[in-house]
Amino acid sequence: MKAVSASYRASDFGTRDSQTITDSKHFAFGAEAELANWNLSSSLIWSQNAIDERYVGGYFRTKEFTDLVSAVAFDPFVEAGKATPEVRAKMKSAIYDGTIRETSTTLKGVDVRGSRDLLQLSGGMAQIGVGADFRKMSYKQQASADAKAGVIYNYSAVADYDMERDTKGVFAEVMAPVLKGVELSAAVRYDAIDAISDNLKSKTVGKDMSAGTYKLSGRWEASKQWLFRGSYGTGFKAPAMLDIAQPLVSAGVTASSYDCPFPGTDACKPGKLQYSVLSGGNDQLKPEKSKQATIGFRFEPSANLTFGLDLWQVKLRDAVSGVTEKQAFGDAAKYAALFTTFRTPAETQDYYAFKRVSTNIGRTTNRGIDWDAQTRFDSVMGKVTLGVAGTHMLKSSYTRAGTDDVWVDSMSHYGENAAVTFRNVARTTIKIDHNKQLANTVVFKYRSGYTDITQTVRDVATGKLTTVTLPVPSYMTIDWQMQYKYNKGTEVRLGINNLTNQTPPFTLRDSSGHQVGYDARYADPKLRTFYVQGSYSF
């Protein structure tokens, strides 16, 4: 007799449901003063966001589930949904309901600012502003006792961590109306960001980072109707704390099934299957640095009609991203460092696992045109505000992961980075203020179509495998909201998102989660949804 192993999808145990309970607290205190012609202000901030993540359906307890298997209490070959009531009751008794992890992020900060008149110029008074800020950000995570004890079947507990980082910055800005209608400004900033303190392991992770940045801008009011503007500047962004210092932990499985990355070795799975994914930080990450430029205009022929257009470009160096699973499995020899071995609690041996860690991929260049138009007029229903705004992308390219000179792009197609840059994104808003209390708003949201990923599929007519590249059509939804102000402090909002119940466009993409047939990053699968919101201030 020869042993046979097989994978079992526990459909009759129900959908895998989780619940996230968020508790947010925010406190701010500010003060203002005038001293020696300076306008001074300062603020203190304390903010915390705590999360309790729970499993509430579809996941089961290790002992109860293995007891069912050992007792042959259910037949895995029975078609999903056709188990007897007695068997379903036993399955229900094995479902886990409880907390799997608790996390919190806490921000403490202080800001100090000052401004004053500098000198009189032909166009008006020049002004200067200076300031400094300090931030302490902390991240904490703790797996539940059940998660650590293996109570949840085939669940790898998340890693505990307690880390924090300090950031400091100083800045100054000068605004100079050099001529009537002509204004120039210059701003400089210096940021210093400490290495991360890992309080659980009593060590620092990563390196101290610092950089100076600047921005030059100008505007010219050629007439009451025409305004021209432009800017050029540099940027600096440190990687997120978790991108640097998060421990390597289990993060589910690959979105698609793959052949073994290293055929003929002991850690291969049979055939084409999903492999485990591990996520973690990279203590060698460098900060992103950028150069940005804009030039544009605004045209206002009347108080009720405006139009604007801005050409912009952003060049990024040492962009923080990562190698996709499709890239890694497609060229495992090149990305061998991103593979390790791992064994889930339910597996009997080590198998290959993909390490999803952030890296500095090289350079990116994005260029586009932002445009908007707005008009206001009276109607029999009330005051109407009609606005249209959008972005037309001209360029969106990036260097292939692991290179600094091989450029690829995702413009209007599913790219190597498992993402799409849409050529056009637009939004039209129609708001009618019926009176001071009641208003209705309709919003049209549009994304242009794109070319989907090339996939190998089975032709149901011939039974043979073939490759297809589908066109993904454009997508538009309509949202509606009614706003009613009962009094100065009380407001109620009723709304419907996706009023016409448009389904997401069909795609064969195989990344960013396990949803099939649509891309949840670009279209909401909830379809038509209703909501009620209210606010009360005093």
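One can find the structure itself at the top, above this paragraph.
Everything numeric in this text was worked out from a predicted model, so none of it was measured.

## Concerning the overall build of the chain
Stage number 1. For the chain, the count of helices and strands is 5 helices and 28 strands.
Stage number 2. Taken along its principal axes, the extent of the C-alpha atoms in the chain is 95 × 60 × 55 Å.
Stage number 3. For the chain, with 538 residues in total, the buried portion stands at 34%.
Stage number 4. Counting every atom, the chain has about 31,200 Å² of accessible surface; 55% of that belongs to carbon and sulfur.
Stage number 5. Across the chain, the centroid of the 65 positively charged side chains sits 3 Å from that of the 56 negatively charged ones.

## Examining the sheet that holds strand 12 (residues 276-280)
Stage number 1. Ordered in space as 11-12-17-16, the 4 strands form an open sheet in which the pairing is mixed. Whereas interior strands pair on both sides, the edge strands pair on one side only; in this sheet they are strand 11 (249-253) and strand 16 (339-342). Averaged over all pairs of adjacent strands, the angle between their axes in this sheet comes to 45°, without regard to strand direction.
Stage number 2. Bridging between strand 16 and strand 17 (residues 351-357) involves 4 bridges; their strand directions are antiparallel. Along strand 17, the bridge assignment pairs Phe339 with Phe354.

## Regarding empty space enclosed by the protein
Stage number 1. Evaluation of the coordinates by the stated rule reveals 1 cavity of 30 Å³ or more.
Stage number 2. If you add up the space inside the largest cavity, you get close to 90 Å³.
Stage number 3. Lining the largest cavity are 15 residues, with Phe422, Tyr450, Val472, Pro505 and Tyr522 sitting closest to its centre.
Stage number 4. Considering only residue class, the lining of the largest cavity consists of 10 nonpolar, 3 polar and 2 charged.

## Let's talk about unusual backbone geometry
Stage number 1. Of note in the backbone geometry, Ser412 takes a positive phi value of approximately 60° without being a glycine.
Stage number 2. With respect to the secondary-structure elements, Ser412 resides in the loop between strand 21 (407-409) and strand 22 (424-433).
Stage number 3. In this model, Ala418 sits at a positive phi of 60°, which is unusual for a non-glycine residue.
Stage number 4. The residue Ala418 is located in the loop between strand 21 and strand 22 in this model.

## Thoughts on the side chain of Ser185
Stage number 1. Among the secondary structure elements, Ser185 is positioned in strand 6 (residues 182-193).
Stage number 2. Note on Ser185: relative accessible area 16%, which makes it buried.
Stage number 3. At 2.4 Å, the side chain of Ser185 and the side chain of Ser217 are in polar contact.
Stage number 4. Among residues more than four places away in sequence, those in contact with Ser185 are Glu173, Val174, Met175, Lys215, Leu216 and Ser217.

## What to know about the state of the cysteines
Stage number 1. Evaluated as defined, the whole model comprises 1 disulfide.
Stage number 2. Across a sulfur-sulfur distance of 2.0 Å, Cys260 and Cys268 are joined as a disulfide pair. Sign of the S-S torsion, about -70° for the bond between Cys260 and Cys268, identifies this disulfide as left-handed.

## Side note on the layout of surface pockets
One water molecule sets the probe size; rolling that probe over the atoms shows where empty space is left.
Stage number 1. For the second largest pocket, the calculated volume is near 680 Å³.
Stage number 2. Forming the boundary of the second largest pocket are 25 residues, of which Ser256, Ser257, Lys272, Gln455 and Asp510 lie nearest the centre.
Stage number 3. Mapped by element, the contributors of at least two residues to the lining of the second largest pocket are helix 5 (325-330) and strand 24 (450-458).
Stage number 4. For the lining of the second largest pocket, the element with the highest residue contribution is strand 24, accounting for 4 residues.
Stage number 5. Taken together, the residues of the lining of the second largest pocket sort by class into 7 nonpolar, 13 polar and 5 charged.

## Here we look at the side chain of Asp310
Stage number 1. Following the sequence through the fold, Asp310 ends up in strand 14 (residues 305-317).
Stage number 2. For Asp310, the side chain forms a polar contact with the side chain of Arg229, separated by 2.6 Å.

## Comments concerning the pairing of strand 26 (residues 475-487)
Stage number 1. Where strand 23 (residues 438-447) lies against strand 26, 10 bridges are found, and the strand directions are antiparallel. Residue pairing for strand 26: Val442 is matched across the bridge by Trp480.
Stage number 2. Of the strand pairs in this sheet, strand 26 and strand 27 (residues 490-497) are connected by 7 bridges, and their pairing is antiparallel. Directly across from Gln481, in strand 27, lies its bridge partner Gly495.
Stage number 3. A loop of 2 residues connects strand 26 with strand 27, the two strands running antiparallel in sequence.

## Observations regarding the pattern of salt bridges
Where charged atoms of side chains with opposite charge meet at close range, the side chains can pair.
Stage number 1. In this structure the tally under the stated criterion is 26 salt bridges.
Stage number 2. Two residues, Lys136 and Asp166, come together in a salt bridge whose shortest N-O distance is 2.8 Å. With Lys136 in strand 4 (residues 124-143) and Asp166 in strand 5 (residues 161-179), this residue pair connects regions lying 30 residues apart in the sequence.
Stage number 3. Residue Lys136 is classed as partly exposed on the basis of its relative accessible area, which comes to 22%.
Stage number 4. By relative accessible area, Asp166 is classed as buried at 18%.

## Description of the nonpolar core
Stage number 1. Counting residues in hydrophobic clusters, the biggest one holds 16 residues, and the most contacted among them are Val323, Ala328, Phe329, Tyr335, Phe339, Tyr352 and Phe354.
Stage number 2. Taken together, the elements giving at least two residues each to this core come down to helix 5 and strand 17.
Stage number 3. Excluding residues that lie within four positions of it along the chain, Phe339 makes contacts with Pro261, Phe262, Ala328, Phe329, Ala332, Ala353, Phe354 and Lys355.
Stage number 4. Counting residues in hydrophobic clusters, the runner-up holds 13 residues, among them Val205, Phe236, Ile244 and Leu285.

## Focus: the environment of Gly271
Stage number 1. Tracing the backbone through its elements, the reader meets Gly271 in the loop between strand 11 and strand 12.
Stage number 2. Expressed as a C-alpha distance, the spacing of Gly271 and Asp259, which sit 12 residues apart in the sequence, is 6.1 Å.
Stage number 3. Apart from residues lying up to four places away in sequence, Gly271 is in contact with Tyr258, Asp259 and Cys260.

## Quick look at a positive patch on the surface
Stage number 1. Together, Lys289, Lys291, Lys315, Arg317 and Lys395 line one region of the surface with positive charge.
Stage number 2. At the level of secondary structure, the elements contributing two or more residues to the positive patch comprise strand 13 (288-302) and strand 14.
Stage number 3. Mapped onto the elements of the fold, Lys315 is located in strand 14.

What counts as what
- Residues numbered from 1 in each chain as written.
- Predicted model: local features only at pLDDT ≥ 70, side-chain atom pairs only at ≥ 80, totals over all residues.
- Heavy atoms only, no water.
- Helix = DSSP H or I, 4+ residues; strand = E, 2+ residues; numbered from the N terminus.
- Buried < 20%, exposed > 50% of the residue type's maximum accessible area, 1.4 Å probe, protein only.
- Areas by Shrake-Rupley, 256 points an atom, 1.4 Å probe, with all protein chains shown as cover.
- Lys, Arg positive; Asp, Glu negative; His and termini not counted.
- Charge placed at Lys NZ, Arg CZ, Asp CG, Glu CD.
- Pairing = 2+ DSSP bridges.
- Axes fitted to C-alpha atoms, helices over the stretch in contact; angles between N-to-C directions.
- 1 Å grid on protein atoms, 1.4 Å probe; cavity = no way out; pocket = protein on both sides within 12 Å on 5 of 7 lines; lining within 4 Å.
- Points joined across faces, edges and corners; volume = space filled by probe spheres on them.
- Nonpolar A, V, L, I, M, F, W, Y, C, P; charged D, E, K, R; others polar.
- Polar contact = N/O pair within 3.5 Å; in protein donor to acceptor, adjacent residues only side chain to side chain.
- Contact = heavy atoms within 4.5 Å.
- Disulfide = S-S within 2.5 Å.
- Salt bridge = Lys/Arg side-chain N within 4 Å of Asp/Glu carboxyl O.
- Core = buried A, V, L, I, M, F, W, Y, C linked by side-chain atoms within 4.5 Å.
- Patch = residues over 30% accessible without salt bridge, like charges linked within 9 Å, V, L, I, M, F, W, Y side chains within 5 Å.

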